[in-house]
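Analysis of the macromolecular model
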Amino acid sequence: MHAKLLAIRGPLRMSVFRVADRVSIGCGEGNEIRLADGAVSERHCTIAFEDGRFVLRDLESRAGTLVNGIPIKEREVTKGDEITAARRKQSRRARGKRGCRGPVEAAAL
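What comes next concerns the included structure. Here, residues in each chain are numbered from 1, in the same order as that chain's written sequence. It should be noted that, the model being predicted, local features are given only for residues of pLDDT at least 70 and side-chain atom pairs only at 80 or more, the latter also being counted only at that level, while totals for whole chains, interfaces and linings use all residues. Just so you know, side-chain values use all the structure's heavy atoms and leave hydrogens and water out.

1. Quick notes on the overall build of the protein
Of regular secondary structure, the protein possesses zero helices and 11 strands. Mapped in sequence order, the helices and strands of the protein form the string β-β-β-β-β-β-β-β-β-β-β. A simple rule labels every residue: compare its accessible area, found with a 1.4 Å probe on the protein chains alone, to the largest value its type can have, and call it buried under 20%, exposed over 50%, or partly exposed in between. Burial analysis of the protein (109 residues in total) assigns 50% to the buried set. Whether two residues are in contact is decided by their heavy atoms, any of which lying within 4.5 Å being enough. Here the analysis covers contacts within the protein between residues at least 6 apart in sequence; of these, 39% occur between residues at least 24 apart. If you sum the accessible surface of the protein, you get close to 5,900 Å²; carbon and sulfur atoms cover 48% of it. A run of H or I in DSSP counts as a helix once it spans at least four residues, and a run of E counts as a strand once it spans at least two, with each numbered from the N terminus. Here, Shrake-Rupley sampling with a 1.4 Å probe gives the accessible areas, and only protein chains in the shown set may cover a residue.

The structure is reproduced here in structure tokens:
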């Protein structure tokens, strides 16, 4: 099973990131989705496929993770959910494998 994240704002707008078993998000080198922003932790959050569902977990990040504007520690994500790393919605900067930077928000597809 796999899911997709769609960047809905910023320079990565309309970029799609595939989520298979697990994807890590943060500013550190080892993340599949890298976000270059001082508010984002090195290992900020993960999305993992568990028991037939996709679960988003905040990894005790400094600035938090939100789903549809609500702070979470752990939550199932479904189609249409909007995920924001760090509480400053417009401050998130992404550096995916394409090396792009700039504000971005993602929605689960």
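2. Observations concerning the environment of Val23
Looking at where Val23 falls in the secondary structure, it is placed in strand β3 (residues 22-26). Linking Val23 and Ile33, residues 10 residues apart in sequence, is a C-alpha distance of 7.5 Å. The contacts of Val23, once residues within four sequence positions are left out, are Glu32, Ile33, Cys45, Thr46 and Ile47.

3. So, the sheet that holds strand β9 (residues 74-77)
Taken together, the five strands give an open sheet; going across it, the order is β4-β3-β5-β6-β9, and neighbouring strands pair in mixed fashion. Whereas interior strands pair on both sides, the edge strands pair on one side only; in this sheet they are β4 (33-34) and β9. The criterion for strand pairing is that DSSP finds at least two bridges linking the strands in question. Where β3 meets β4, two bridges bridge the pair, whose relative direction is parallel. The partner of Ile25 across the bridge, within β4, is Ile33.

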